[in-house]
Amino acid sequence: MQAPTSWDGHQPRSQNKPKCLGLGAWCCSIGPSDENNLNKTNRKQKKIALFGHFGTLNFGNEGTLHAILYHLRRLLPKAEFACICSRSEAAATTHNITGVPIYPLILKRWTPNNAATRMLRKAFIGIPSELYRWLDAFRTLRGTDVLIIPGTGLLTDAFGLQGWGPYNLFKWTSMAKLGRCKVVFASVGAGPINTLLGRCFVKTALSLADFRSYRDDASMNHLKNIGFPTNSDRVYPDLVFSLPQAMIPDHGIKQGKRPVVGLGLMEYAGQYGTEIPSGRASRPYLENLVGFVKWLLDRKYDIRLLVGDQGDTDVTREFQRLLRTRLGAYDEERIIDQPVFSVEQLLSQLAATDIVVATRFHNVLMALLLNKPVIAISFHHKCASLMSQMGLGEYCQDINRLNAERLIRQFEDLERNAEKLKPVIRQKIEQFRKALDEQYSLIFKCV
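Now for a description of the structure that goes with this document. For clarity, every value in this text was computed on a predicted model and none was experimentally measured.

**A closer look at the packing of aromatic side chains**
Logical step 1: Here the structure, examined in full by the defined rule, presents 11 aromatic pairs.
Logical step 2: A ring pair is formed by F159 and W164, whose centres lie 5.7 Å apart and whose planes are at 45 degrees; its orientation type is tilted.
Logical step 3: For F159, a relative accessible area of 45% corresponds to the partly exposed category.
Logical step 4: Overall, the relative accessible area of 19% leaves W164 in the buried class.

What follows is the structure, encoded as structure tokens:
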């Protein structure tokens, strides 16, 4: 008889011994003889640190932080939390946690014009400052029980090695292990990782982990392709699928009686895509979307413009200018464009749509979480992977080959099948939430 498999195709754990899914000795079996020690451990106040590109107005990343913190606090209500992130003050204020900058500014930024002066500055200021940051990272994590890298597409060098890139990930994970702090990568995304140094930093950071999981097979395969062994690792859904139910609105408030199509725009992301386009792709991308919107307006749909990051506001303005140029006079009230400053506001706007056509990964994901039929404009392998996982692969287009006529045909087909697809989407979401509950239990029983 063939052994049963879990939702991602891996064999499940034994139900007799509640083992933690992990790679290090800390993930040990807990038997009856350990109950007294376990109770003593639970009485000790835990210290948990999170690492990532948080505190910004990227609502996918902020949704990830919302989700992981909710479940951490649910399972470990007495724990202390710190967030090592890009904008530590904003994260601390929003989530009521201790904020720690990934790359603290020691001296005022100053770039001399003279090459010799730049070399002297690096030798006498830059290197000592960086050594101090390594020491500061060690001091910050000393006494911390676990450093968690939760979700997001963090394993990439597309935006450089510094900041929240691979170098500082390597630094913080190294100092965590030196301070006997466990390291967990939970549902992280990977790729592209194009530079030799980037690959070295990513592989070393991952090798230090006590637990690793990826949000899709494409991320795991990307790491395999750069030479990182992933044989004992697992795939679990994106953490945003585990947002607390209280954050998810039942329905949205529409401004009129016409059906509303949510259109999620995104700034140019060529450096982040799995394919490198030959030129700047934003203009053909926008031109095709203008043609699609014209078709929607002619058929009495209203349009709600959506953003997943505050960086998308410029491309939204450019799109509206292009609309006015191409379409001439039209009822601008039928193009709904409202600012977004939080995950909750984005979810509320998505809830006020009937169908969503979006580019940003988490705009697509959050729409699915709200049981909306979705077409994804894929700029990265994670978008196509998500749509394939949901059984919606036929409703996906590569951003570099976006075609308005095909988009219209996909939309017509999606609208026709919307009521049949909604129960399928709902069932998938339930499966994903259960899988993430399993992952949280596996990780946090061992904290």
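Here the narrative resumes.
**Observations concerning unusual backbone geometry**
In terms of backbone geometry, most residues other than glycine have negative phi values and most peptide bonds are trans.
Logical step 1: Here the residue pair G191 and P192 is connected by a cis peptide bond, since its omega of -5 degrees sits within 30 degrees of zero.
Logical step 2: Here P192 shows up in the loop between β5 (182-188) and α6 (196-207).
Logical step 3: The phi torsion at N371 lies on the positive side, around 65 degrees, for a residue other than glycine.
Logical step 4: Tracing the backbone through its elements, the reader meets N371 in the loop between α11 (361-369) and β12 (374-378).
Logical step 5: The exposure class of N371 is buried, given its relative accessible area of 15%.

**Concerning the sheet that holds strand β13 (residues 396-398)**
Logical step 1: Here 6 strands make up an open sheet; going across it, the order is β10-β9-β8-β11-β12-β13 and the pairing parallel. Because the sheet does not close on itself, it has two edges, and the strands there are β10 (335-336) and β13.
Logical step 2: Bridge count between strand β11 (residues 355-358) and β12: 3 bridges; the pairing is parallel. By the bridge assignment for β12, V357 is matched with I375.

**Examining the packing of helix α2 (residues 59-75) against helix α10 (residues 343-351)**
Logical step 1: It is the contact of α2 with α10, at a shortest axis distance of 9 Å, that shows an interaxial angle of 110 degrees. In terms of their interaxial angle, α2 and α10 are classed as roughly perpendicular. The segment α2 lies against α10, with F59, E62, G63 and H66 engaging V343, E344 and L346.

**Here we look at the nonpolar core**
Considering soluble globular proteins, one finds that nonpolar side chains tend to be buried as a cluster.
Logical step 1: Counting 99 residues, the largest nonpolar core has L72, F319 and F411 as the members making the most contacts within it.
Logical step 2: The element best represented in this core is helix α13 (residues 404-444), accounting for 14 residues.
Logical step 3: In this structure, L72 is in contact with I48, L50, P77, F81, I148 and F444, ignoring residues within four places of it in sequence.
Logical step 4: Judged by nonpolar contacts, the second largest core, of 32 residues, contains I84, L169, V202 and Y214.

**A word on the sheet that holds strand β6 (residues 211-214)**
Logical step 1: Spatially, 7 strands are ordered β3-β2-β1-β4-β5-β6-β7 in an open sheet, and the strand pairing comes out parallel. Taken across any chain shown, the strands that pair with only one partner, and hence form the sheet edges, are β3 (98-101) and β7 (234-235).
Logical step 2: Pairing geometry for strand β1 (residues 47-52) and strand β4 (residues 146-150), over 3 bridges, is parallel. For L50, the partnering residue across the bridge sits in β4 and is I148.
Logical step 3: Strands β2 (80-85) and β3 of the sheet are contacted by helix α3 (residues 88-95), whose axis makes an angle of about 165 degrees with β3.

Calculation rules
Residues numbered from 1 in each chain as written. Predicted model: local features only at pLDDT ≥ 70, side-chain atom pairs only at ≥ 80, totals over all residues. Heavy atoms only, no water. Phe/Tyr/Trp six-rings, centres within 6.5 Å; stacked < 30°, edge-to-face > 60°. Buried < 20%, exposed > 50% of the residue type's maximum accessible area, 1.4 Å probe, protein only. Helix = DSSP H or I, 4+ residues; strand = E, 2+ residues; numbered from the N terminus. Pairing = 2+ DSSP bridges. Axes fitted to C-alpha atoms, helices over the stretch in contact; angles between N-to-C directions. Parallel < 35°, antiparallel > 145°, perpendicular 65-115°, else oblique. Contact = heavy atoms within 4.5 Å. Core = buried A, V, L, I, M, F, W, Y, C linked by side-chain atoms within 4.5 Å.

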